[in-house]
Amino acid sequence: IPNAKYISADLRKLPFDPTGEYTLPYTTGITGIIYNKKYVKETPAKWDDLWNTEYKGHVLLLNDCREVFSVALKKHGWSNNSTDPAQAEAAFKDLKQLNSSVIAYDTENLKQKFIAEEGWIGIMWSGDAAFTYRENNNVGFVVPDQGSLIWSDNFAIPKGCKNKELAEKFMNYMYDPKVSAKNWEFMNCANPNDEALKYHSQAYLDDPMLKIGKESIPKGEWLTDIGDSITMYDRYWTELKAGQ
């Protein structure tokens, strides 16, 4: 896959694949606060702002246990990957308090809900924020200095693949700089292909949401396997969504 050489250096050998042997990044981004400037007059600066009671009944969160708990953990200055039972419990108690303000935990329709202005404030991935901004210029996006969760969607070829050579050719094609630029102009997400940037339109390069997402990457922390501690978070997540 020779075109893999164009992948940004800071996206090679990531924590979940330290040798870079199994995956190649397709896109990357960071989780932040999305808000509607018509209803949220002061730009959010901390995760704590989600707990502002003025937004009760207008908060939208991702339907994702690790994402949501990461917000509560970072609010206290703790790691996304904390396995400390006391920290997990404190995060759960905070989220229980926030729960009364939440109108939905939704990943699939989150963008549409902010475009339609059903939500005033919530959490969203930077790529989805860029899509939302295209349709509703009233939205803003920030990544608190407290830190956040960084993510990457990746290419991988399953073991036992019957047509490995064709899979490699497809991946190589997608990393061709001109093809890559066309793809991400359509997707409107951050492009990990450094060589493709010179083929992007100025509108893409100037997109404020994509700029915020890219500039905020140093604030991000990758998720790691937390072993048996995941059962603790799963239990809290079930209780949270059940309103217990």
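Anyway, here's the lowdown on the structure attached to this text.

## Quick word on the environment of Thr53
Secondary-structure assignment places Thr53 in the loop between strand E1 (24-36) and strand E2 (59-61). You can call Thr53 exposed: its relative accessible area is 66%. Along the primary structure Thr53 and Ser101 are separated by 48 residues, whereas in three dimensions their C-alpha atoms are 7.3 Å apart.

## Topic: the pairing of strand E6 (residues 148-155)
Here E6 lies mainly inside the structure; six of its eight residues are buried. Sheet analysis places E1 next to E6, joined by six bridges and oriented antiparallel. Bridge assignment links Thr27 to a residue of E6, and that residue is Asp153. Pairing of E6 with strand E7 (residues 220-222), which is carried by three bridges, proceeds in the parallel orientation. Counterpart to Ile150 in the pairing with E7 is Trp222.

## Quick look at the packing of aromatic side chains
Summed over the entire model, instances satisfying the criterion amount to 11 aromatic pairs. Arranged with centres 5.7 Å apart and planes meeting at 70 degrees, the rings of Phe16 and Trp222 form a pair that is edge-to-face. One end of the pair, Phe16, is in the segment before E1; the other, Trp222, is in strand E7, with 206 residues separating them in the sequence. Taking the relative accessible area as the measure of exposure, Phe16 reaches 41% and is therefore partly exposed. Clustering of aromatic rings is evident, with ring pairs tying together Tyr26, Phe155, Phe170, Tyr175 and Trp184. For the cation-ring pair, Lys111 lies above Phe131, with the distance from its terminal atom to the ring centre recorded as 5.5 Å. If you follow Arg235 out to its NZ or CZ, it ends over the ring of Tyr236, 5.1 Å from the centre.

## Focus: the nonpolar core
In terms of nonpolar packing, the biggest core is built from 50 residues, with Leu50, Leu61, Phe69, Leu95, Ile121, Ile123 and Tyr233 touching the most fellow members. Non-local contacts of Phe69, meaning those with residues more than four positions away in its chain, are made with Ala88, Ala91, Phe92, Leu95, Tyr233, Tyr236 and Trp237. The next biggest cluster of nonpolar side chains, apart from the first, holds 11 residues, and it includes Ala4, Ile7, Ile150 and Tyr175.

## Description of the pattern of salt bridges
Enumeration according to the criterion identifies 10 salt bridges in this entry. With its nearest N and O atoms 2.9 Å apart, the salt bridge here joins Asp145 to Lys219. Taken together, the positions of Asp145 in the loop between strand E5 (139-142) and E6 and Lys219 in the loop between helix H8 (208-215) and E7 put the pair 74 residues apart, joining distant regions of the chain. Assessed through its relative accessible area of 29%, Lys219 is described here as partly exposed. Between Lys198 and Glu195 there is a salt bridge, with the nearest N and O atoms lying 2.6 Å from each other. Judged by its relative accessible area of 57%, Lys198 is exposed.

## Some thoughts on the packing of helix H2 (residues 85-99) against helix H9 (residues 229-241)
In contact at an axis separation of 10 Å, H2 and H9 are set at 15 degrees when each is read in the N-to-C sense. Classified by the interaxial angle, the pair formed by H2 and H9 is roughly parallel. Of the two possible hands of crossing, H2 and H9 adopt the one that is right-handed. Residues Pro85, Ala88, Glu89, Phe92, Leu95, Lys96 and Asn99 of H2 form the contact with H9, whose own contacting residues are Met232, Tyr233, Tyr236, Glu239 and Leu240.

Rules behind the numbers
- Residues numbered from 1 in each chain as written.
- Predicted model: local features only at pLDDT ≥ 70, side-chain atom pairs only at ≥ 80, totals over all residues.
- Heavy atoms only, no water.
- Helix = DSSP H or I, 4+ residues; strand = E, 2+ residues; numbered from the N terminus.
- Buried < 20%, exposed > 50% of the residue type's maximum accessible area, 1.4 Å probe, protein only.
- Pairing = 2+ DSSP bridges.
- Phe/Tyr/Trp six-rings, centres within 6.5 Å; stacked < 30°, edge-to-face > 60°.
- Lys NZ or Arg CZ within 6 Å of the ring centre and 35° of its normal.
- Core = buried A, V, L, I, M, F, W, Y, C linked by side-chain atoms within 4.5 Å.
- Contact = heavy atoms within 4.5 Å.
- Salt bridge = Lys/Arg side-chain N within 4 Å of Asp/Glu carboxyl O.
- Axes fitted to C-alpha atoms, helices over the stretch in contact; angles between N-to-C directions.
- Parallel < 35°, antiparallel > 145°, perpendicular 65-115°, else oblique.
- Left-handed = near helix turned anticlockwise from the far one by under 90°.

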